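# Remarks on the overall topology
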Amino acid sequence: MEPVKQPKPKARFGARVKPAGGGEPLKRHDEGANGVGEHEDGTMTMEEEQLHLLPKVMAPYETKPGSTPRRVQIQRKRKLFAQQDLPQLIQQEGLREPGQSVFKLDIFDDTDYESRLCSQWVPKTPGVAPTPAKAALVGPDGVKTWKDCRVLDYDEGRNRYAVAFRDAASSDPSVRWVDRVDLCFSAEDPFVFARRHVDAHANRGRAESLLRYNLYIDCMPTEDIPPLSTEQVNRILGFALNSKKLRDKLMDTNALLAEVNTEYARSMNKITFDNTLKRGQSGCLAALVPIAEQFPQERRVKARYKGCMPVAEYDFAQQFSDFSFRTLLTKSEVISALTRVRVECAKALKMSLFNTHFTKSLRLEEFEQGQMQTTDQTANYLKDTWVVTLKNAIKSSFKDVGKGWFNLHESNMETYEFSKLKKFLTQTKFIMEDTLRFLVEDSLQRLVAFVRIACSHRATVKSTACVELEVPAMDNQPAYVINGNSSTINTASVRKPPLLLLELQATKDGTRFQYSTSLDAIIPRFCAVYDNSLNKVSGIPVIEPSIMEELFWAIVPQLTAVHPLEEWVIKGKEELVARITSALVPVREYLAMYDTYEPLLRLSPESYVAALEAKGEDLALAEVKAEIKKHSQELTALYDALPSGMAIGGLVYVNTQKVREVLLKKKEKLVALLRSLCARIPRKMMSVVSSKFAEIEKVLRQKPEKLEDVHEQRKYIDGLPQAIGTLMQDIETTRPWYEYLELQKYGLTDEEAKDKFLGVSWPAKLQRLADRQMAALAEDESRFREDMFQEQDGFQDSLGELSTLVNNSAQNVDLSKMDTVVQEVKRLDERLRKADADAQLYNAREGLLGLPITDYSHVRSLMDIHDPFLQFWTTSSTWRANYKSWMNDSWEKLEGEQVESSVTGALKVLFKTGKVLQQRGLEKFAANCEAMRQELEGFKRMVPLVLAIRNPGMRQRHWETISKDIGMPLYPDKKFTLVKAEEMGLLNHLTAITKVSEVAGKEYSIEQALDKMVSEWDGAELQVMDYRETGTYIIKVEDTISQMLDDHIVMTQSMSFSQFKKPFEERISKWETQLSLASDILEQWVALQRQWMYLEPIFSSEDIMQQLPLEAKRFATVDRIWRKTLESAKRNPLVLKVCGNQKLLDQFTEGNKLLESVQKGLADYLETKRLAFARFFFLSNDELLQILSQTKNPLAVQPHLRKCFEAIESLDFSPNLEITAMNSKEKEKVPFDEPMSPTGSVEQWLGVVEKRMRSSVRQQIIESLKDTAVSERPQWARSWPAMVVLAVSAIVWSKEVEDAIKGASVPKYFEKNNNDLLDLTDLVRGKLSTQDRLTLGALITTDVHARDTVQELVDCNIQRTTDFEWISRMRMYWRDDVFVEMVQACIPYGYEYLGNTPRLVITPLTDRCYMTLMSAMHLNLGGAPAGPAGTGKTETTKDLA
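Not measured: the values here are computed from a predicted model.

### A look at the overall build of the protein
- The number of helices and strands found in the protein is 48 helices and 20 strands.
- Per-residue burial for the protein yields a buried fraction of 40% across its 1441 residues.
- Looking at the protein alone, contacts between residues at least 24 apart form 69% of all its contacts between residues at least 6 apart.
- Of the roughly 81600 Å² of accessible surface on the protein, 53% is carried by carbon and sulfur atoms.

Encoded structure:
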């Protein structure tokens, strides 16, 4: 174990430095003078426990026979020390009664006398007896009395000890602190302590005397002393400015010369004063003030010019021989070699492992590369050049020496070991090692100092454009403050540019800002440079083997280098890290300032403008104006807010040029696009209007092709003014847009200007065109009228021909000519229909021309006469064609339902037509209709057979059944026809065939339903979506799939109960099983997903996994299954494919069970955390887990503090994460009485926060109580936290009221209450901050109640403080703590921080509630105010709490 270093002696004024009185060095407790220490198991023996009670002896543990044993020596010393009279020893040392002094004695204590550490004098081990001692107790007369005492504690920093005197009759039995110089331990050497005590007095007297001596000299006048002559000044300047560099600086030496003159005058006064003291106070040199003191003088020994000193007899020859045998300096070659070695080592010492001279800021990679290169160059020089040069220097120096002490060619290792050359080379190795160590030390210290200077600039980030740099005073230059803006840095006289260059840039996804070099990489890179220097200079070989080449060397030894674990190396590295860490804090803050511009960075100007444009007609000009104004102002602000670069302290310079250009260009583009939108919108509006005008023009320019067109165009022209007026309104809506563009000085393009003026010119252009068109229409109307008259004449002639043809239709009764007659009938029908259309057209044109309407009803009569003939012939023709096809074509072409509908329809038509023809007396035609109807009736009996055999559900099994039932084989093929069916007599078995067909139809419906369900599931897929950044997926089951699954399960179950299921029974069963399995899997899957999504972020935290290893293992098992399953589902998301595995159902079921156990374990774990810190019960599980999953980040607790602590909104964290203060939601800050570090588990340090909260509020109350005595009440009320003001005000009020009662001055105190209240009222009427206004509002509320209470005391003429009128009031007292009293109840103050909140008005009912609740709490009972809603029950209870 390393011995504890002796503490450095205090720098005592006037103290003499001398060795420790006992001559015994300090040692560790475990290897002290008595040689006892702790056992391996940490226990202590009886002797070890009494170590501080025993005196020190310098004796071995195992004594030789005849020597005094160590224990005996200890007991003898102990007895000797106990017999001494300490006051007498102090008097024997020459100390008389000391006079009064303004200086404390401990200032002049010489700690060189100390023989043990504080922890060795007073061990704090439980069960160890206190250390006995004697302490000086100063009496009222100033005389010290030494009394026995027990030492209980120590303050190592102030070198003081806490003692308790043994004398029970002492006037002050309490523990008091005593300086070390006034405390003599029983185990301490009293003789040494007496000298120590006396020396302290002597040092104090000497210091006081020297102070008076110098005061006398400083008070002597200097005006009559002539200054230095010009010759003397020039001589001084000549010696001082003794180099060209100093002379060229043109230094102002006036201040220095003035200082020299002042010192010269003081020296003359000192000589005069010394001579006066030497000659006595007489004559003209007598002092004005009588001085009877002998001042201490420095001893001056006059140097002798020559002389002899007596020397004892000795053998010079023998001593010279011995000296020559041992020394190396007997040959000039040795001296020459040593000189050359030291010269080369001096050259090496001038080098450095680092380059600390920079003229510009460097990127981190450039800095690291430059330092590595410098280190490599220096290391290569040491390993190659330096070692070789030293080797050559030594070889060349000893090359001519030959054999003897310095034989370079020695081949015997034993001879070499005893030679002087060995000693010389060893000395050379030590010189090289020292050189190497000094080089490394100097280089590392330079690097740390270089970084220290770079990090010394204190940076305060105000905004992106302002970073205040406090440049410290350095090199006779005063400190100053500048802005880190690049423009300021370039113009200001900054001593050095920042060390590192970082570039602010956008991330690859363009969503946020980052530095080109990660800030987390800076410290590791600097540490790498630091460590690399140590590694590079290690491994330098010793030059001894390369010089003694004829000796055998098994290994080549290396020079001892600086070890990385040496204390000073570690401290240097720690300082390097601490400095850089502190300097990077404002760099991070500066990056956070750019969060404001991240929305602009993510903004797409095109999308932004497109979103505005998408509003269409809802987009108003006012909105566009507001957008342009807003973004133009923001653009102007951006020019000022975004610098091109920023120096953040002396370490980092941030280049923001690229980010500035990106943001400015984006904002400029946005403004330009908005202006373009402002021009595009009216252009679009004008284009729409112009297109409508163009359509009007197109209509007007159309040539009428018929009389109707003329009429339509006239109507159109008549309505044209109204249409143009409407469009003119649309043109007017564009006017404000163009006016705004002119105001904005926006230049329209040629196309935009053309569209604008074209739209305005349309109305006049169209009016001229309409006038011309009206004249042309009159001519066209006259032409079309003549044409119509000619067409009507021809139409009348065609009607006579049609009448003849219709009348002749009754003569076509030969069914054998059916095909020819049908064609003629159809042609006639087409002519009749055309004639009807022409008649309607002529009538319409006559109406347009205002002519009488011609009667063309004869056309409709002809159509009615012709219709029965048309129906008969077309129906008969169709029936004959169908019959031929149905009977002779393959049965596979038959469509049963079509055949049935065709036969039924034909029968109806023929029946109706026969009746009409019979009524007209056309008997032959009526007979033909009946004949055709009989043919249809004859075929109608075949229809059921067609429906039966063409049933789509007919399968081979059905044909087999039919064949069996009818007694003949019936297996229709492609050649099977109805003729064959009729020949086989199938009509005779129609009942059997129909029965089987019906069964086939039922079975077919089941088969179709099954096929439909299967086809619907073919495309049904699960939605497998990426889940955050977990690398896996989650599923989403659409409602349609869930509904379809339920419907299909119900449908399948209903099929299983059908009497026609037998052919599909197995298929139905398998399908039902498959659907049920899929339903169960999805149900378990969704349940598992719900639990997995809840637990996944929890067990993604390393902290939670370490604290819940079993649950973490179970979750990991489920997580593996989950990821594997979801990966498979992602590849093939078909529902029935994914959910068709029974093993998957088992895995999900087991996974749900595991996750349920995990959640139970998690709940138990949270319960333990809540029991450890009860305020966690106020948090939900999710909130508590969010905290516990980030235990290494104390800041994660901040969002949840309000639920744990009623009034704490946030805590203040320093850069090293120390908690220094608490803040309320009203922004009130209360500093902690002492900072605390959030170490340990979160529940532990939050418990410490709770303690700090209470102790801080208590400390604030203590300090505020003191402040009430020195500050005015209005000012005092604004200087402390609100709850402290209320509590201290109540304490002071209670004390003052009781004093007033005891002094019978309650009415007078009532006036004081009124005056205090008026002072606060006047203060509230002025300008106050929000915090002060809240505090004073609550204070006035309580003061009003206090005034009313005093008024009641005056009214009842109270006489004693024990009267019920007083004790029934709530009172607060300070008795080393705050206590709240009311009647008999006394409850300690809780110190729970309440923030700065308003108070309810205190009424008599409130006082009664307080009294009841206080009494209940005093009796360990509970209370609950009752009453109507809104009467203040809850707030009253909260106020009392």
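### Details of the side chain of Lys666
- Relative to the elements of secondary structure, Lys666 occurs in helix H21 (residues 657–701).
- Although Lys666 is buried, it makes no salt bridge; Glu606 carries the closest opposite charge, 7.8 Å away.
- A polar atom in the side chain of Lys666 sits 3.2 Å from the backbone oxygen of Leu603.
- Apart from the residues lying within four places of it in its own chain, the contact partners of Lys666 are Leu600, Leu601, Leu603 and Pro605.

### Here's the deal with the sheet that holds strand E3 (residues 160–165)
- What the five strands build is an open sheet, ordered E4-E3-E2-E1-E5; its pairing is antiparallel. Across the chains shown, the open sheet's two edge strands, defined by having one partner strand only, are strand E4 (176–179) and strand E5 (183–185). Neighbour to neighbour, the strand axes of the sheet diverge by 45° on average, direction disregarded.
- Pairing analysis gives eight bridges linking strand E1 (residues 131–138) to strand E2 (residues 144–155), with the strands arranged antiparallel. Across the sheet, residue Thr131 finds its bridge partner in E2, namely Val151.
- Contacts from helix H5 (residues 190–219) reach E2 and E5, with the element oriented near 100° to E2.

### Considering the packing of helix H32 (residues 990–1018) against helix H34 (residues 1065–1099)
- Look at H32 against H34: their axes get within 12 Å of each other, and the N-to-C directions meet at 30°. Relative to H34, the element H32 is oriented roughly parallel. Every pair of crossing elements has a handedness; the one defined by H32 and H34 is left-handed. Of the residues in H34, those in contact with Ile1006, Glu1007, Leu1010, Asp1011, Met1013, Val1014 and Trp1017 of H32 are Arg1067, Ile1068, Trp1071 and Leu1075.

### Examining the pattern of salt bridges
- The final tally for this structure, using the stated rule, is 55 salt bridges.
- Residues Arg446 and Asp442 are paired through a salt bridge, measuring 3.1 Å at the closest nitrogen-oxygen approach. Note that Arg446 and Asp442 are positioned in helix H13 (residues 420–454) at a spacing of four residues, about one turn of the helix.
- Note on Asp442: relative accessible area 27%, which makes it partly exposed.
- Salt bridges here are not isolated pairs; linked through shared partners, they connect Asp109, Glu114, Arg180, Glu188 and Arg196.

### With respect to the pairing of strand E12 (residues 652–655)
- Bridge count between strand E9 (residues 500–506) and E12: four bridges; the pairing is parallel. Opposite Leu500, over in E12, you have Val652 as the bridge partner.
- Note: strand E11 (residues 645–648) against E12, four bridges, orientation antiparallel. Bridge pairing in E12 places Met646 opposite Val654.
- Remark: three residues form the turn of the hairpin made by E11 and E12, two consecutive strands paired antiparallel; Gly649 in that turn has positive phi of roughly 80°.

Reading guide: rules and limits
- Residues numbered from 1 in each chain as written.
- Predicted model: local features only at pLDDT ≥ 70, side-chain atom pairs only at ≥ 80, totals over all residues.
- Heavy atoms only, no water.
- Helix = DSSP H or I, 4+ residues; strand = E, 2+ residues; numbered from the N terminus.
- Buried < 20%, exposed > 50% of the residue type's maximum accessible area, 1.4 Å probe, protein only.
- Contact = heavy atoms within 4.5 Å.
- Areas by Shrake-Rupley, 256 points an atom, 1.4 Å probe, with all protein chains shown as cover.
- Lys, Arg positive; Asp, Glu negative; His and termini not counted.
- Salt bridge = Lys/Arg side-chain N within 4 Å of Asp/Glu carboxyl O.
- Polar contact = N/O pair within 3.5 Å; in protein donor to acceptor, adjacent residues only side chain to side chain.
- Pairing = 2+ DSSP bridges.
- Axes fitted to C-alpha atoms, helices over the stretch in contact; angles between N-to-C directions.
- Parallel < 35°, antiparallel > 145°, perpendicular 65-115°, else oblique.
- Left-handed = near helix turned anticlockwise from the far one by under 90°.

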